[in-house]
Amino acid sequence: MKRTSRTALYAVVVLLAVTASSEAIADDGTGPFGVTEVAPATSQYAPVGALFDGTRHICTASVVRSPHQDLLVTAAHCLDGDDDLVFVPGYRDGTAPYGRWKVGKRYLPAGWSEGQDEDSDLAFATVDGKVQDRVGGNRFTTGTATGATAVTVTGYPSSRDVPVTCTNKPTAHSRTQQRIECPEFTGGTSGSPWVNGNGQVVGVLGGHEEGGLTPDVSYSVVLGAEAAALYRDAVR
């Protein structure tokens, strides 16, 4: 359960040694794969931000492209309360380089709202203002094959005030769930986008065990018909 209610027991570690297999070539670049490090403060990572409940950052969300330029994607379990949330893209060391954006309307699938089905652990939310115009956004894409390319996962552990990032190839956990091996994705990283080399969000950290019970393996719902319908609803 990779949200802030889970106590973060692990510090982020940058691995100093990688094996030859971690240098494998994907369609969108070379390794090393499976190495977690602090994300640099560049435009590539600007659409990713921390979700704050008061003074605590509890989850991660990211901007996805939409006609109104105001849409975030995250895990459903990050939005299933009534708390007032604020999205801070590019949050780093207590600063908000792109401003603070109040979360407005939330879009949760029926499978989650009615039964907290782990196969429906995906959600969208709007913010007050055109955040996409400020930080850019990735394309939300459904129907891609799990593991077709490597993806980069970026999120905010609740124990840190900087984002961490890791690239690896996802694998199938089941027909409806995918998994990725990236170390030190602890509490607070729920909602982290899985972005491929084409700038497409093809997964969102959540799903099985609300994202995973260990820091080294994370999960996402396979983005299919339900996710596509929810996105269409959110952008109307």
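Just so we're clear, the structure is a prediction, and the values are computed from it rather than from any experiment.

Q: Let's hear about helix α3 (residues 225-235): which residues, and what values?
A: An α-helix turns once every 3.6 residues. As a result, residues three or four positions apart point the same way. Residues A227, A228, L230, Y231, A234 and V235 constitute the buried set of α3. All buried residues of α3 lie within an arc of 165° about the axis, which places them on one face of the element. For α3, the secondary structure elements touched by its buried residues are β4 (71-74), β6 (101-107), β7 (123-127) and β8 (139-140).

Q: Can you tell me about the pairing of strand β2 (residues 48-53), naming the residues and giving the values?
A: Buried residues dominate β2, accounting for six of its six residues. The pairing of β2 with strand β3 (residues 56-63) spans six bridges and is antiparallel. Considered in β3, the bridge of G49 is made with A61. In textbook terms, the turn of a hairpin is the stretch between consecutive antiparallel strands, and for β2 and β3 this stretch comprises two residues, one of which, G54, has a positive phi near 70°. Note that β2 and strand β5 (residues 86-89) share four bridges and pair antiparallel. Looking at the pairing, F52 lines up with V86 of β5.

Q: Go over the environment of F52, please, and point to the residues and values.
A: Turning to its location among the elements, F52 is positioned in strand β2. In this structure the C-alpha to C-alpha distance between F52 and R100, which are 48 residues apart in sequence, comes to 9.6 Å. Not counting chain neighbours up to four residues away, the residues in contact with F52 comprise H57, D84, L85, V86, V88 and Y91.

Q: Could you give an account of unusual backbone geometry, with specific residues and numbers?
A: For Q69, which is not a glycine, the phi torsion comes out positive at approximately 60°. Its identity is not glycine, yet E209 carries a phi of approximately 55°, on the positive side. Inspection of the secondary structure assignment puts E209 in the loop between β14 (200-204) and β15 (217-221).

Q: Please set out the environment of A150 residue by residue, giving values where relevant.
A: Along the polypeptide, A150 turns up in the loop between β8 and β9 (151-155). Along the sequence, A150 and K169 sit 19 residues apart, while their C-alpha atoms lie 4.2 Å from each other.

Q: A description of the side chain of D53 should follow, citing residues and the corresponding values.
A: Among the secondary structure elements, D53 is positioned in strand β2. A residue is classified by how much of its surface remains accessible, and D53, at 18% relative accessible area, is buried. Not counting residues within four places of it along the chain, the set of residues in contact with D53 comprises I58, D83, D84 and L85.

Q: I'd like a rundown of the sheet that holds β9, residues and numbers included.
A: Read across the sheet, six strands follow the order β1-β10-β9-β13-β14-β8 without closing on themselves; strand pairing throughout is mixed. Pairing within the sheet leaves two strands with one partner each, and these edge strands are β1 (37-38) and β8. Across two bridges, the pairing between β1 and strand β10 (residues 164-168) is antiparallel. Pairing of E37 across the sheet is with T165, part of β10.

Q: Which residues make up the sheet that holds β15, and what are the values?
A: Pairing is antiparallel across the open sheet formed by three strands, whose spatial order is β11-β12-β15. Each of the sheet's edge strands pairs with one partner strand only, and the pair in question is β11 (171-172) and β15. In terms of strand pairing, β11 meets strand β12 (residues 177-181) through two bridges, oriented antiparallel. Of the residues in β12, the one forming a bridge with T171 is R179.

Q: So what about the packing of aromatic side chains? Which residues, and what values?
A: On inspection of all chains with the given rule, the structure shows five aromatic pairs. Ring plane angle 80° and centroid distance 5.0 Å describe the contact between F124 and F140, whose orientation is recorded as edge-to-face. In this pair, F124 sits in strand β7 while F140 sits in strand β8, placing the two residues 16 residues apart along the sequence. Side by side, F124 and F140 carry an identical accessibility label, which is buried. Residues F140 and Y231 carry aromatic rings whose centres are separated by 5.5 Å and whose planes lie at 25° to one another, so their mutual orientation is stacked. Within this pair, whereas F140 is found in strand β8, its partner Y231 is found in helix α3, the two being separated by 91 residues in sequence. Overall, the relative accessible area of 11% leaves F140 in the buried class.

Rules of the game
Sequence order as written defines residue numbering, which begins from 1 separately in each chain. In keeping with the predicted nature of the model, local features appear solely for residues at pLDDT of at least 70, side-chain atom pairs appear and are counted solely at 80 or more, and the whole-chain, interface and lining totals rest on all residues. Only hydrogens and water are set aside when side-chain values are computed; all heavy atoms of the structure are taken into account. We call a residue buried when its accessible area falls under 20% of the maximum for its residue type, exposed when it is over 50%, and partly exposed in between, using a 1.4 Å probe and counting protein chains only. Put simply, DSSP H or I for four residues or longer makes a helix, DSSP E for two residues or longer makes a strand, and each gets a number counted from the N terminus. Regarding the arc, it is the one traced by the directions from the helix axis to the C-beta atoms. The contact rule is simple, with two residues in contact once any of their heavy atoms fall within 4.5 Å. In this scheme, strands are said to pair when DSSP sees at least two bridges between them. Under the pairing criterion, centres of Phe, Tyr and Trp rings, with the six-membered ring standing for Trp, must be within 6.5 Å; the plane angle then separates stacked pairs below 30 degrees from edge-to-face pairs above 60, leaving the rest tilted.

Limitation: the analysis is restricted to geometry and does not speak to function.
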